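Structural characterization, general
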Amino acid sequence: MRKVSRSVPAPENLGNEVIGVPVGAPVELELRLESVIEGVLVTGTADADLKGECVRCLEPIERELEADFQELYYYPEAADRFKGGSDSDEDEDDETYRLEGDLFDLETVLRDAVVLALPLQPVCQDDCLGLCPECGARLTDDPDHHHDAVDPRWAALQELSAASSATGSEEDSVTREGAAENQEK
């Protein structure tokens, strides 16, 4: 068994559209390499800084990520032995990792571990209210923010109400009093 610590630059596409590790940012790797019959078992942890934006209010966010992974890298002759020695197209699509001399490519394993550890819906705060759908104002900054919405089905009645108040409220009040007296009888 051998323990290895490395700091490597982040490859491209180490994230999704909303949040991820910036290209070239340092990724700290703590690896444990164990020799087994089939090859080398690589167990490790990747620590990296994430940058992205809140899915509710689009504010920039920064987080730390720790992703654990484990993968078996086969010796070339062991992989052929366990596969039955066939080299068909199905074998190329199979996710077996092979050692190339004393080297192994950790990029695919690292990408899978980091992307799976990312938050699905990253938010700046757990209680982030998001943006106003009318004007785009950030609701966390102004929780009392609102708009007087007019239902278009009632717009004609509001126009009548506005017109009647403009023509004179005295006539309306006399008419209303007369209507109220007629209703009582």
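Higher on the page you've got the structure.
Below: a short report on this structure. Small disclaimer: the values here were computed from a predicted structure and weren't measured. Every chain is numbered on its own, with residues counted from 1 as its sequence reads. Where totals are concerned, whole chains, interfaces and linings use all residues; where local detail is concerned, this predicted model gives features only for residues with pLDDT of at least 70, and gives and counts side-chain atom pairs only at 80 or more. By convention in this description, side-chain values take in all heavy atoms of the structure and omit both hydrogens and water.

1. Some points on the nonpolar core
The set of buried Ala, Val, Leu, Ile, Met, Phe, Trp, Tyr and Cys residues whose side-chain atoms join them within 4.5 Å is what this entry labels a nonpolar core. Throughout, exposure labels follow a simple rule: accessible area from a 1.4 Å probe, protein chains only, divided by the maximum for the residue type, with under 20% read as buried, over 50% as exposed, and the rest as partly exposed. One finds Val21, Val27, Leu29, Leu31, Val42, Phe69 and Leu106 to be the most contacted residues of the largest nonpolar core, which totals 32 residues. Runs of H or I in DSSP of at least four residues are treated as helices and runs of E of at least two as strands, each being numbered from the N terminus. Of all the secondary structure elements, the ones that give two or more residues to this core are strand E3 (26-35), strand E4 (39-53), strand E5 (60-74) and helix H3 (107-117). Only heavy atoms enter the contact rule, under which two residues are in contact if any of them lie within 4.5 Å. Beyond its immediate chain neighbours, meaning those up to four positions away, leucine 29 contacts Val4, Ser5, Arg6, Val8, Thr45, Ala46, Phe69, Leu106 and Leu110.

2. Describing the packing of aromatic side chains
Put simply, two rings from Phe, Tyr or Trp (the six-membered ring, in Trp's case) pair if the centres are within 6.5 Å, and we call them stacked under 30 degrees between planes, edge-to-face over 60, tilted for the rest. Applying the stated criterion across every chain yields a total of two aromatic pairs. Between tyrosine 73 and tyrosine 97, the ring centres sit 5.5 Å apart and the planes meet at 45°, which makes this aromatic pair tilted. Residue tyrosine 73 is found in strand E5, and its partner tyrosine 97 is found in strand E6 (residues 97-98); the two are separated by 24 residues along the sequence. Exposure class is identical for tyrosine 73 and tyrosine 97. Each is buried. Look at tyrosine 73 and phenylalanine 104: their rings are 4.8 Å apart centre to centre, the planes differ by 40°, and that puts the pair in the tilted class. Pair noted here: tyrosine 73 is in strand E5 and phenylalanine 104 is in the loop between E6 and H3, with a separation of 31 residues, a long-range link. Aromatic ring contacts, followed pair by pair, group Tyr73, Tyr97 and Phe104 into a single cluster.

3. Quick notes on the pairing of E3
DSSP-based pairing: two strands are paired if at least 2 bridges between them are found. Where strand E1 (residues 2-9) and E3 come together, eight bridges link them in antiparallel fashion. If you follow serine 5 over to E3, its bridge partner there is glutamate 30. With eight bridges connecting them, E3 and E4 associate as antiparallel partners. By the bridge assignment, glutamate 28 is partnered in E4 with aspartate 47.

4. Some thoughts on the pattern of salt bridges
Salt bridge, as used here, is a side-chain nitrogen of Lys or Arg placed within 4 Å of a carboxyl oxygen of Asp or Glu. Under the criterion given, the structure shown has three salt bridges. With a closest N to O distance of 2.8 Å, arginine 32 and glutamate 34 form a salt bridge. For arginine 32, a relative accessible area of 33% puts it in the partly exposed group. In this structure, the salt-bridge partner of arginine 138 is aspartate 141, at a minimum N-O distance of 3.0 Å. Overall, the relative accessible area of 58% leaves aspartate 141 in the exposed class.

5. Observations regarding the side chain of arginine 138
Relative to the elements of secondary structure, arginine 138 occurs in the loop between H3 and helix H4 (155-167). At 3.0 Å, the side chain of arginine 138 and the side chain of aspartate 141 are in polar contact. With residues up to four places along the chain from it excluded, the contact list for arginine 138 reads Cys57, Glu59, Cys124, Gln125, Gly130 and Leu131. Contacts described as polar in this section are N or O atom pairs within 3.5 Å, which, within protein, must combine one atom able to donate a hydrogen with one able to accept it, while residues neighboring in sequence count only if both atoms come from side chains.

6. Examining the side chain of threonine 45
Turning to its location among the elements, threonine 45 is positioned in strand E4. Of the polar contacts made by the side chain of threonine 45, one reaches the side chain of aspartate 68; its length is 3.0 Å. If near-sequence neighbours (up to four positions away) are discounted, threonine 45 is found in contact with Glu28, Leu29, Glu30, Glu66, Ala67, Asp68 and Phe69.

7. Concerning H3
Turning to H3, its buried residues are Val109, Leu110, Ala113 and Val114. When H3 is viewed along its axis, its buried side chains cluster within an angular range of 120° and face the same direction. Buried residues along H3 sit against E3, E4, E5 and E6. Relevant arc is that of directions from the helix axis to the C-beta atoms, nothing else.

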